[in-house]
Amino acid sequence: MTAELLATRRDATLVLTLSNPGARNALHPDMYAAGIEAVDSAERDPEIRAVVLTGADGFFCAGGNLNRLLENRAKDPSVQADSTDLLGAWISAIRASRKPVIAAVEGAAAGAGFSLALACDLLVAADNAQFVMSYARVGLTPDGGSSWFLSRALPRALATEIILEGKPVPAPRLATLGVVNRLSTAGAALETALAWAEELAQLSPNAVARTKTLVDDACSQPLAEHLVAERDHFVASLHHRDGLEGISAFLEKREARYK
């Protein structure tokens, strides 16, 4: 079977589907390269307002393929380093995207699959989905930014517990902790994410992009510096065509129509 990333359109949303039949959508470097290309393409297409990342056949992603990792042990370490760097480049592309990226998780997100879900701006999960940091249980350490994302989303002790123990964490618990945004019934995560993407598509693309930048920068900026950044983004947004349309629509009591 072939590991691939399938790209389809649903109105203004680009849907990226992890597909590796028979292997619970285990990851492969070809997926990383396709993911980078897909995100970059979405950035250049003004008709795409959001991206949804999901998995085929009712399962999000089992993470790395352990058989492939064993094969890489017989090769020069640079082979695995290049593969991990490519995954990191896809993660970075998701984080840098000006479009909102929503993960739609069914079944489970394990290892680097969990990392991919965490990299997204918003996370929808079926209420019976499981999230697993499975690295330590097979003698490995995290990749794909999972230790970075969890350490910023959770208290240090809790992030350490989830990463070291490698036990499945139910989606409802992660929702309580604020890692999962919305729960759906089993089988409805993708449709829930698509409906959310459609709502976001009605917002100002300029405001969405600038808000993403502010949120991403907030953790690394002192308050004084961040206030200046907020000022600059606010002024730029006010003088952007979306600012005129948004304010005019509100005052005229109509729906805004952003281009």
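The text that follows walks through the structure, step by step, so that each part is easy to find. (Residues numbered from 1 in each chain as written. Predicted model: local features only at pLDDT ≥ 70, side-chain atom pairs only at ≥ 80, totals over all residues. Heavy atoms only, no water.)

### Observations concerning the overall build of the chain
Part 1: When helices and strands are tallied, the chain shows 11 helices and 9 strands.
Part 2: For the chain, whose C-alpha radius of gyration is 19 Å, the value lies close to the compact-globule estimate of 18 Å for 259 residues.
Part 3: Counting only C-alpha atoms and orienting by the principal axes, one finds that the chain spans roughly 65 × 40 × 35 Å.
Part 4: Evaluated residue by residue, the chain yields a buried proportion of 44% over its 259 residues.
Part 5: The long-range fraction of contacts in the chain, counting pairs at least 24 apart against all pairs at least 6 apart in sequence, stands at 67%.
Part 6: When the accessible surface of the chain is summed, it comes to about 13500 Å², and 56% of that surface belongs to carbon and sulfur atoms.
Part 7: The positive charge centre, built from 25 side chains, and the negative charge centre, built from 31, are 3 Å apart in the chain. (Helix = DSSP H or I, 4+ residues; strand = E, 2+ residues; numbered from the N terminus. Rg over C-alpha atoms; globule rule 2.2 N^0.38 Å. Buried < 20%, exposed > 50% of the residue type's maximum accessible area, 1.4 Å probe, protein only. Contact = heavy atoms within 4.5 Å. Areas by Shrake-Rupley, 256 points an atom, 1.4 Å probe, with all protein chains shown as cover. Lys, Arg positive; Asp, Glu negative; His and termini not counted. Charge placed at Lys NZ, Arg CZ, Asp CG, Glu CD.)

### A short note on the sheet that holds strand β7 (residues 130–132)
Backbone hydrogen bonds are what pair the strands of a sheet, in a parallel or an antiparallel way.
Part 1: Spatially, β5-β7-β8 is the arrangement adopted by the 3 strands of the open sheet, whose pairing is mixed. Taken across any chain shown, the strands that pair with only one partner, and hence form the sheet edges, are β5 (108–110) and β8 (169–170).
Part 2: In this structure, β7 lies alongside β8, joined through 2 bridges in antiparallel fashion. Within the sheet, the bridge partner assigned to Gln-130 lies in β8 and is Pro-170.
Part 3: The sheet contacts of helix α4 (residues 112–119) involve β5 and β7, and relative to β5 the element is tilted by about 105°. (Pairing = 2+ DSSP bridges. Axes fitted to C-alpha atoms, helices over the stretch in contact; angles between N-to-C directions.)

### A closer look at the packing of aromatic side chains
Part 1: Across all of its chains, the model carries 3 aromatic pairs by this definition.
Part 2: Between Phe-114 and Phe-131, the ring centres sit 5.3 Å apart and the planes meet at 55°, which makes this aromatic pair tilted. Highlighted residues: Phe-114 in helix α4 and Phe-131 in strand β7, separated in sequence by 17 residues.
Part 3: Ring geometry for Trp-148 against Phe-149: centres 5.4 Å apart, planes inclined by 90°, an arrangement best described as edge-to-face. (Phe/Tyr/Trp six-rings, centres within 6.5 Å; stacked < 30°, edge-to-face > 60°.)

### Observations regarding the sheet that holds strand β9 (residues 182–184)
Part 1: Across the sheet, 6 strands lie side by side as β1-β2-β3-β4-β6-β9; this open sheet has mixed pairing. Only two strands of the sheet have a single neighbouring strand rather than two, namely β1 (4–10) and β9. Across the sheet, the mean angle from the axis of one strand to that of its neighbour is 20°, orientation sign disregarded.
Part 2: Across 6 bridges, the pairing between strand β2 (residues 13–19) and strand β3 (residues 50–55) is parallel. Following the sheet pairing, Leu-18 is matched in β3 by Gly-55.

### With respect to a nonpolar patch on the surface
Part 1: Taken together, the side chains of Phe-234, Val-235, Leu-238, Ile-247, Phe-250 and Leu-251 present a nonpolar region at the surface, about 680 Å² in accessible area.
Part 2: When residues of the nonpolar patch are traced back to their parent elements, those giving at least two are α10 (223–238) and α11 (241–251).
Part 3: In this fold, Phe-234 is placed in helix α10. (Patch = residues over 30% accessible without salt bridge, like charges linked within 9 Å, V, L, I, M, F, W, Y side chains within 5 Å. Salt bridge = Lys/Arg side-chain N within 4 Å of Asp/Glu carboxyl O.)

### So, the nonpolar core
Part 1: Within the largest apolar cluster, 52 residues are counted, with the highest numbers of intra-cluster contacts made by Leu-18, Leu-53, Trp-90, Val-105, Phe-131, Leu-150 and Ile-162.
Part 2: Excluding residues within four positions of it along the chain, Trp-90 makes contact with Leu-5, Leu-18, Met-31, Tyr-32, Gly-35, Ile-36, Val-39, Leu-53 and Leu-116.
Part 3: With 13 residues, the next largest nonpolar core counts Val-52, Ile-102, Leu-122 and Ala-193 among its residues. (Core = buried A, V, L, I, M, F, W, Y, C linked by side-chain atoms within 4.5 Å.)

### Some words on helix α9 (residues 205–218)
Given 3.6 residues per turn, any residue in an α-helix points the same way as the ones three and four places further on.
Part 1: In a regular helix each residue adds 1.5 Å, so 14 residues correspond to 20 Å; α9 covers 20 Å between its end C-alpha atoms and thus fits that length.
Part 2: Where α9 is concerned, the buried positions are Asn-206, Val-208, Ala-209, Lys-212 and Leu-214. (Expected span 1.5 Å × (residues − 1).)

### Side note on empty space enclosed by the protein
Part 1: On inspection of all chains with the given rule, the structure shows 2 cavities of 30 Å³ or more.
Part 2: As a volume, the largest cavity reaches approximately 70 Å³.
Part 3: Lining the largest cavity, in full, are Arg-49, Arg-98, Lys-99, Pro-100, Leu-200, Ala-201, Leu-203, Ser-204, Pro-205 and Val-208.
Part 4: When the residues that make up the lining of the largest cavity are grouped by side-chain class, the tally is 6 nonpolar, 1 polar and 3 charged.
Part 5: Space inside the second largest cavity adds up to approximately 40 Å³.
Part 6: Forming the boundary of the second largest cavity are Leu-16, Val-39, Val-51, Leu-53, Trp-90, Ile-94 and Val-101.
Part 7: Each residue belonging to the lining of the second largest cavity can be placed in one class, and the counts come to 7 nonpolar, no polar and no charged. (1 Å grid on protein atoms, 1.4 Å probe; cavity = no way out; pocket = protein on both sides within 12 Å on 5 of 7 lines; lining within 4 Å. Points joined across faces, edges and corners; volume = space filled by probe spheres on them. Nonpolar A, V, L, I, M, F, W, Y, C, P; charged D, E, K, R; others polar.)

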